[in-house]
Structure formats: structure tokens, C-alpha cells
Amino acid sequence: MDRLSDMLDSDNSYIRTRRLTLLAYNAKWDKDYKIDEVIDKYLKHITDVKLITARQCIKLLPIIAKHKPELKSDILSKLHKADISIYEDSMQSLVYKDIQKSLKVIQKS
């Protein structure tokens, strides 16, 4: 888990995306609260410089919220506050829809 979270700051967006995915899918086994320790770093990728990484991050958040209910309010807050104006106008609607979908799923759980 520590090695995965260390790679969230990689210059390579592919590595960042892979790490976000692996961390999310390992949330159900995180009994040592490792994800809790790096959640702020994780949530920064909601507005990653690479659109595909940001979109993947947003889509993975319901998985984390499901297995780490103590992080649900932090996740919801960051999603609500996300500034998607950093993306091209043509892409903003995609990110907005991803955020709305994740918000809906997380709020239902």
C-alpha cells in the first residue's frame, strides 16, 4: 500500500491512473487505514492535469466510499468543490457528468 500511494505523484499519468485504480480496489482490505492517510493526495486527482486520470479518479471514488465510509464526507466535499474549469470547454461536460454520477452513487450508499 505504501508503494502504491508513493506513486500517486508520478510524472507519468499512466502510473498515476494505475495507482489510483489499485488503491481503490484494495480499499476493502485496508485494515491499517493506509488509504485514510493518503486520501487528500488521492482526491487531488479529481482535477488531475490529465483528463483521463481525473475521470478515472472520479469514477473510482464510489468504490472507496463503499469500503471506507469514514471517508465519505471528505470525498463528497471534494467532488462538490472540484474546479473543472481547468479543462477545455468541450471536456468539462464529461467531467461534470462523471462527478454527478459518482455523487449520486456515493450518496445512495
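Calculation criteria
Residues numbered from 1 in each chain as written. Predicted model: local features only at pLDDT ≥ 70, side-chain atom pairs only at ≥ 80, totals over all residues. Heavy atoms only, no water. Salt bridge = Lys/Arg side-chain N within 4 Å of Asp/Glu carboxyl O. Helix = DSSP H or I, 4+ residues; strand = E, 2+ residues; numbered from the N terminus. Buried < 20%, exposed > 50% of the residue type's maximum accessible area, 1.4 Å probe, protein only. Axes fitted to C-alpha atoms, helices over the stretch in contact; angles between N-to-C directions. Parallel < 35°, antiparallel > 145°, perpendicular 65-115°, else oblique. Contact = heavy atoms within 4.5 Å. Nonpolar A, V, L, I, M, F, W, Y, C, P; charged D, E, K, R; others polar.

(A) The pattern of salt bridges, seen in detail. One pass over the structure, following the stated rule, counts 6 salt bridges. Residues R16 and D48 are paired through a salt bridge, measuring 2.8 Å at the closest nitrogen-oxygen approach. Placement of the pair is R16 in helix α2 (residues 13-25) and D48 in the loop between α3 (34-43) and α4 (51-67), with a sequence separation of 32 residues. Among the residues examined, R16 registers a relative accessible area of 6% and is labelled buried. Ionic pairing is found between R55 and D98, a salt bridge with its closest N-O pair at 2.5 Å. Here R55 is found in helix α4, whereas its partner D98 is found in helix α6 (residues 89-108), with 43 residues between them in sequence.

(B) Geometry of the packing of α4 against α6. At their nearest, the axes of α4 and α6 sit 8 Å apart, and the two run at 5° to each other. Regarding the angle of α4 to α6, the classification is roughly parallel. From α4, L51, R55, I58, K59, L61, P62 and A65 reach across to α6, where they touch M91, L94, V95, D98, I99, S102, V105 and I106. The class makeup of the residues in the contact of α4 with α6 is 11 nonpolar, 1 polar and 3 charged.

(C) Looking closely at the environment of D9. Following the sequence through the fold, D9 ends up in the loop between α1 (2-6) and α2. It is 17 Å that separates the C-alpha atoms of D9 and R55, two residues lying 46 residues apart in sequence.

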